[in-house]
Amino acid sequence: MQRSVVGLTGGLICVLGAFAAGRSSQDAAMQPRHAALLNGADWAAYSPREKEAYLSGFIAGAGAEQTRAFAALAGDSLDSSAVSSSAITRLRDGKQLRFSYAPSVYAAQIDDFYWWVDHRQRPIVDVLVTINRQMKDR
Amino acid sequence: MHLPRLVVAIAAAALCAGGAAAQEQVETAKAKASMEPSFTSVTDQMLLDARKNEGNWVTYGRDYWNQRWSPLTQINTSNVGSLHMAWMYQTGISRLGSFETSPIVIDGVMYLTTPYNTAMAVNSRTGKEIWRYEHKQSIASPIFCCGPNNRGVAISEGTVFMATLDAHLVALDAKTGAVQWDVQVEDPEAGYSETMAPLIVGDKVIVGVSGGEYGIRGFVRAYNKSNGQPLWTAYTIFDKGWEGKFTTTTNEGEDLHRNIDAEKAGMAQYGDAWQRGGGGVWMTPSYDPTSHLLFFAVGNPSPDLDGSVRPGDNLCSDCIMAVDANDGSMKWYYQEVPHDVWDLDAVSPPVVVKLKDGTTAVAQAGKTAWVYVLNAATGKLIRKSAPFNRLENMFGQPTADGTRMLPGANGGSEWSTTAVNPTLGYMYVLGIEQPMHYITHSAPFEKGKLWLGSAFKAVPGERQYGTFSAVNLNTGKIAWQVETEQPMIGGAMATAGNLVFVGEGNGHFDALDARTGKKLWMFQAGAGCNAPPVTYMQDGKQYIAVACGGNFQMGYPLGDAVMVFALPGAAPKSPK
């Protein structure tokens, strides 16, 4: 289980890194930053579409990494190109996706969280993981 | 000669005794039969005639007008003081929430629901359970705002309908609880949920969705009640014109303190915000069979408190909407709070009333603490009542120290159902006196944040209480008002016995004189009575029923009991 969590985190960072790089290339004034460091200040600067893109990438990346982790647990080895959308869909249909809610749901919760400026230093990834756990524990 | 005569006498006596025993058996069987529920098939005509049907409570608001008014008079102001408990039903379900079910009662059967969507039928004379159906949520953790709850079922012919937290609509066999069909109304993982009791209109079963706190686009949808096929959808958030006219005031002229220039500048970036614009429909619509119009209240825009990313009036959040029940086409709307950033939305279910001058009107108690009385044909405002709660800094902007506001973000009148006494022309309204600080995001976060987006905080040390008001719909004046220990949430029920029943968070279940507000009777239920009461007549005896299982959001003591009250002794003879 520990292994899958580590793998998941690595995958998320890849996805978030790509998102951050894409955003940075659009804005020359912005220094590229490691995706894991993006925080509430970055979040506040995103438009709703950017938030949705961020979260869509995060959720897709998490699903892909989870698929790989499950395959590894089953003794299979999948590289990133072997992760198919149908495999992720199977996880979703089986109610097994770790980040299972829609981007709009996470966006609303993160907006709430970062309403408070003293929360803004906290990385978005951490907030997402915390919020997801809170929602799952309801 | 003596011996045969004795034998005959003994035989005759035996025959008599046997006859008496047989007669007793017949009587017992008859009595037993009368205790058995009959599972009456609820026809469209029964729903249309609900107002005249004294004995049953066949739809959420008792009749299509949602008035929660019963013509029963057996329990009245002269004898309500001797009301006592007839029976109590405990669901036995350990997972508690806001127990807001409004029972449906038809010829000996009471249908109930629990916060996590267990539906059950019980004998309405004895409280004995007949069946129960436990809905298995399609996802492990459905997302819903403000605590788990369900407000009850709808029934038509032999089918009971329940909408669920995971945004399903389920049809159950009224006799057995067996599933007839089950459809997903929308994706629960996208923030959609269902808490309302559905409404039956002809061949349709109608539901609205909740989830305005999670970026949904709200709607009301009609399904074919026979097979669950969708028939029409009426979106509450407009794809065209959702920005409205950028009005600077409410329709009644209160300043909204909007920065219109900034909003207009944001249109290029946020013009598509309607796609996630909120506008949930929490409560069961009312319906006017004459005009075939459905009337429902539309909740807050999304995001709830941050107006900067949703420029414009955000139509039609915070609206009363009228749509044609035949095809879902919109007929009119009335927006109570354009561009709402205070969560002062429309949630209490609208009620159709006939005013003294003959006008058919729609009345709704707002979180703004006013009752809006609208022309049912046109949606034009006829009058707005005097405020039934204190108003302070209405529509103010947040500050770092907090702007003290009344009503706070819970209202006014929240989801509570209102009741109407049509003879007096009074609407009975539950109110919340909960001063709050509206603070900017620079204030430090504290644990125990409110559900509504963190920016409202109750004012420390300040008294919170409730109000229960009789609002004269013909004048807009407050006819009487009583204060309660805690903010009021739940619902009211009025009867022709000049009574109005209402529960409180502290477990009190009260009967008041509908004319004066004088408290005539009270029962301590041991858990919050935060559900709308109902009444029904069975075997010549009037019963009052209410779910007392508390309220999650307000922190009122939770429980799982439905309590049923009646006058002592046998049912009085019918005065034929």
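Residues numbered from 1 in each chain as written. Chains lettered and ligands numbered in written order. Predicted model: local features only at pLDDT ≥ 70, side-chain atom pairs only at ≥ 80, totals over all residues. Heavy atoms only, no water.

Some details on unusual backbone geometry
What you tend to see is this: most non-glycine residues have negative phi, and most peptide bonds are trans.
All names here are of chain B.
Then, number 1: Across the junction of Ser 302 and Pro 303, the peptide omega takes the value -5°, indicating a cis bond.
Then, number 2: Summarising the element assignment, Pro 303 is placed in the loop between strand 16 (293-297) and strand 17 (319-324).
Then, number 3: Here the bond from Gly 411 into Gly 412 is cis, since omega is 25°, no more than 30 degrees from zero.
Then, number 4: Positive phi outside glycine occurs at Cys 146, with the angle close to 80°.
Then, number 5: Relative to the elements of secondary structure, Cys 146 occurs in the loop between strand 6 (129-134) and strand 7 (154-156).
Then, number 6: Positive phi, normally seen in glycine, also occurs at Asn 314, with a value near 60°.
Then, number 7: In this fold, Asn 314 is placed in the loop between strand 16 and strand 17.
Then, number 8: On the basis of relative accessibility, which here comes to 0%, the residue Asn 314 falls in the buried class. (Helix = DSSP H or I, 4+ residues; strand = E, 2+ residues; numbered from the N terminus. Buried < 20%, exposed > 50% of the residue type's maximum accessible area, 1.4 Å probe, protein only.)

Quick notes on the interface of chain B and chain A
It is common to report an interface's size as the accessible area lost on association of the parts.
Then, number 1: Residue-level contacts link 32 residues of chain B with 22 residues of chain A.
Then, number 2: Taken together, both faces of the contact between chain B and chain A bury some 2500 Å²; the carbon and sulfur share is 54%.
Then, number 3: Summed over the shared surface of chain B and chain A, the number is three salt bridges.
Then, number 4: Arg92(A) is the partner of Glu189(B) in a salt bridge, and the nearest nitrogen-oxygen pair spans 3.3 Å.
Then, number 5: The interface formed by chain B and chain A includes eight residue pairs in polar contact (both at pLDDT 80 or more).
Then, number 6: Classifying every residue of the side of chain B that touches chain A by side-chain character gives 14 nonpolar, ten polar and eight charged. (Contact = heavy atoms within 4.5 Å. Buried area = accessible area lost by both parts, 1.4 Å probe. Salt bridge = Lys/Arg side-chain N within 4 Å of Asp/Glu carboxyl O. Polar contact = N/O pair within 3.5 Å; in protein donor to acceptor, adjacent residues only side chain to side chain. Nonpolar A, V, L, I, M, F, W, Y, C, P; charged D, E, K, R; others polar.)

Let's talk about a nonpolar patch on the surface
Then, number 1: Taken together, Leu96(B), Phe552(B) and Leu558(B) make up a surface patch of nonpolar side chains, about 240 Å² in accessible area.
Then, number 2: Its location among the elements puts Phe552(B) in the loop between strand 35 (541-548) and strand 36 (561-566). (Patch = residues over 30% accessible without salt bridge, like charges linked within 9 Å, V, L, I, M, F, W, Y side chains within 5 Å. Areas by Shrake-Rupley, 256 points an atom, 1.4 Å probe, with all protein chains shown as cover.)

Observations regarding the side chain of Ser317(B)
All names here are of chain B.
Then, number 1: Within the secondary structure layout, Ser 317 lies in the loop between strand 16 and strand 17.
Then, number 2: For Ser 317, the side chain forms a polar contact with the main-chain oxygen of Asn 314, separated by 2.6 Å.
Then, number 3: Aside from chain neighbours lying at most four places away, what touches Ser 317 is Thr 236, Ile 237, Val 298, Gly 299, Asn 300, Pro 301 and Gln 335.

Describing the pattern of salt bridges
Residues and elements named next belong to chain B.
Then, number 1: Applying the stated criterion across every chain yields a total of 28 salt bridges over all chains.
Then, number 2: A salt bridge links Asp 63 to Arg 51; the shortest N-O distance between them is 2.9 Å. Of the two residues, Asp 63 sits in the loop between helix 2 (44-48) and strand 1 (69-70) while Arg 51 sits in the loop between helix 2 and strand 1, which places them twelve residues apart along the sequence.
Then, number 3: We classify Asp 63 as buried; its relative accessible area is 5%.

Here's the deal with the packing of helix 3 (residues 48-73) of chain A against helix 4 (residues 85-93) of chain A
All names here are of chain A.
Then, number 1: Where helix 3 contacts helix 4, the two axes come as close as 9 Å, and the packing angle between them is 90°. Our classification of the angle between helix 3 and helix 4 gives roughly perpendicular. Of the residues in helix 4, those in contact with Ala 60, Gly 63, Ala 64, Gln 66, Thr 67 and Phe 70 of helix 3 are Ala 87, Ile 88 and Leu 91.
Then, number 2: Considering only residue class, the contact of helix 3 with helix 4 consists of six nonpolar, three polar and no charged. (Axes fitted to C-alpha atoms, helices over the stretch in contact; angles between N-to-C directions. Parallel < 35°, antiparallel > 145°, perpendicular 65-115°, else oblique.)

Points about the state of the cysteines
Put plainly, two cysteines are in a disulfide when a covalent bond ties their sulfur atoms together.
Then, number 1: All chains considered together, the criterion is met by three disulfides over all chains.
Then, number 2: Look at chain B and number its bonded cysteines as they come in the sequence; the links are 1-2, 3-4, 5-6. (Disulfide = S-S within 2.5 Å.)

A closer look at the pairing of strand 8 (residues 159-163) of chain B
All names here are of chain B.
Then, number 1: Within strand 8, five of the five residues are buried, leaving the element largely enclosed by the surrounding structure.
Then, number 2: By the alternation rule, side chains of strand 8 split into Thr 159, Phe 161 and Ala 163 and Val 160 and Met 162, which are all buried.
Then, number 3: The pairing of strand 7 with strand 8 spans three bridges and is antiparallel. Looking at strand 8, one finds that Ile 155 is bridged to Val 160.
Then, number 4: Joining the antiparallel neighbours strand 7 and strand 8 is a turn of two residues, in which Glu 157 adopts a positive phi near 50°.
Then, number 5: Counted between consecutive antiparallel strands, the loop separating strand 8 from strand 9 (residues 168-173) contains four residues, among which Ala 167 sits at a positive phi close to 60°. (Pairing = 2+ DSSP bridges.)

Examining the pairing of strand 22 (residues 381-384) of chain B
Residue and element names in this part refer to chain B.
Then, number 1: Direction of pairing for strand 21 (residues 371-375) relative to strand 22: antiparallel, over a ladder of three bridges. Bridge pairing links Val 373 to Arg 383 in strand 22.
Then, number 2: Counting the residues that bridge the hairpin from strand 21 to strand 22 gives five residues, and of these Gly 379 lies at a positive phi of roughly 80°.

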